Amino acid sequence: MPFQSPEPGEPAAPGSRIVVEAGDILMRRSLTDHAPAAQVHVIDAAKALEDFRLGHGTARLDRAEVLLDLAIATFQARTGEHDEAAWQAAAVYMVELWATRYSAARPTAFDPAPPPPSRFTPAHPLRLETVSREAHDRILGAGRSLERKTRGVDLMDVVRAQHGIHEAARLLHGQLDGLSMPLWVLIARFCAEVQAENLRILKAPAPGTTA
């Protein structure tokens, strides 16, 4: 029997706790709505990874790995979708994106790269950027559009952001189809929103100065 895409109101995949929603991507329930505790683990892992990069020892890298596992397990439990490889690629990317806001004010060229077998090593084959460089670029582009949207620069920024999120999800689902397309949309939206906030922080005036 050929595969049929689920309709709005139906589970995104067999066993999934994600319900397909119609309408604008940015108006749907977010990944954080589904798994708020997982976001906390992502944030804490990003802080631990930044501590490692600042030279506070390999114990901080170990802590980041533990928190990454907690984030993945929580996402799996709360979404009902369990593909380990897909979640690893997604969660590592989330942590790395979030960590960039902590390093925005300092040079990062000499940051130590975590050695293998760390999942945070740049050469790891399940890096989302390696799985689909185009999806990575689409997410960053959607983040730029979302940041511009908050400043009211261009009314088309919402359209561009949602298109970029959808295209990133489509590309990632094509490579890692162990997660449903609707869930990849939620993941890509989460990452684009993190990137938008990173850009907002980067552009914000320093304390005590004016814009």
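Parameters at a glance
- Residues numbered from 1 in each chain as written.
- Predicted model: local features only at pLDDT ≥ 70, side-chain atom pairs only at ≥ 80, totals over all residues.
- Heavy atoms only, no water.
- Core = buried A, V, L, I, M, F, W, Y, C linked by side-chain atoms within 4.5 Å.
- Buried < 20%, exposed > 50% of the residue type's maximum accessible area, 1.4 Å probe, protein only.
- Helix = DSSP H or I, 4+ residues; strand = E, 2+ residues; numbered from the N terminus.
- Contact = heavy atoms within 4.5 Å.
- Phe/Tyr/Trp six-rings, centres within 6.5 Å; stacked < 30°, edge-to-face > 60°.
- Lys NZ or Arg CZ within 6 Å of the ring centre and 35° of its normal.
- Axes fitted to C-alpha atoms, helices over the stretch in contact; angles between N-to-C directions.
- Parallel < 35°, antiparallel > 145°, perpendicular 65-115°, else oblique.
- Left-handed = near helix turned anticlockwise from the far one by under 90°.
- Nonpolar A, V, L, I, M, F, W, Y, C, P; charged D, E, K, R; others polar.

In this section: the nonpolar core. Counting residues in each nonpolar core, the largest one holds 61 residues, and the members touching the most others are Phe75, Trp87, Met94, Trp184 and Ile187. Contributions of two or more residues to this core are made by helix H2 (36–53), helix H3 (58–79), helix H4 (84–100), helix H5 (128–131), helix H6 (133–150), helix H7 (157–175) and helix H8 (181–203). At 12 residues, H4 tops the list of elements feeding residues into this core. For Trp184, the contacting residues outside a window of four places in its chain are Ala86, Ala90, Ala169, Leu172, His173, Leu176 and Leu179.

It is worth spelling out the packing of aromatic side chains at this point. Going through the model one piece at a time under the given rule, you end up with one aromatic pair. Each ring, one from Phe75 and one from Trp87, has its centre 4.8 Å from the other, and the planes form 0 degrees; the classification is stacked. Of this pair, Phe75 sits in helix H3 while Trp87 sits in helix H4, placing them 12 residues apart in sequence. Across from the ring centre of Trp98, 4.1 Å away, lies the NZ or CZ of Arg101, which sits over that ring.

To continue, consider the packing of H4 against H8. Orientation of H4 relative to H8, taken along the N-to-C sense of each, is 10 degrees, at an axis distance of 9 Å. As summarised for this structure, H4 and H8 are arranged roughly parallel, according to the angle between their axes. For the pair H4 and H8, the crossing hand works out as left-handed. Contacts between H4 and H8 pair Ala86, Trp87, Ala90, Tyr93, Met94, Leu97, Trp98 and Thr100 from the former with Leu183, Trp184, Ile187, Phe190, Cys191, Val194, Gln195 and Asn198 from the latter. Of the residues in the contact of H4 with H8, the class split is 13 nonpolar, three polar and no charged.

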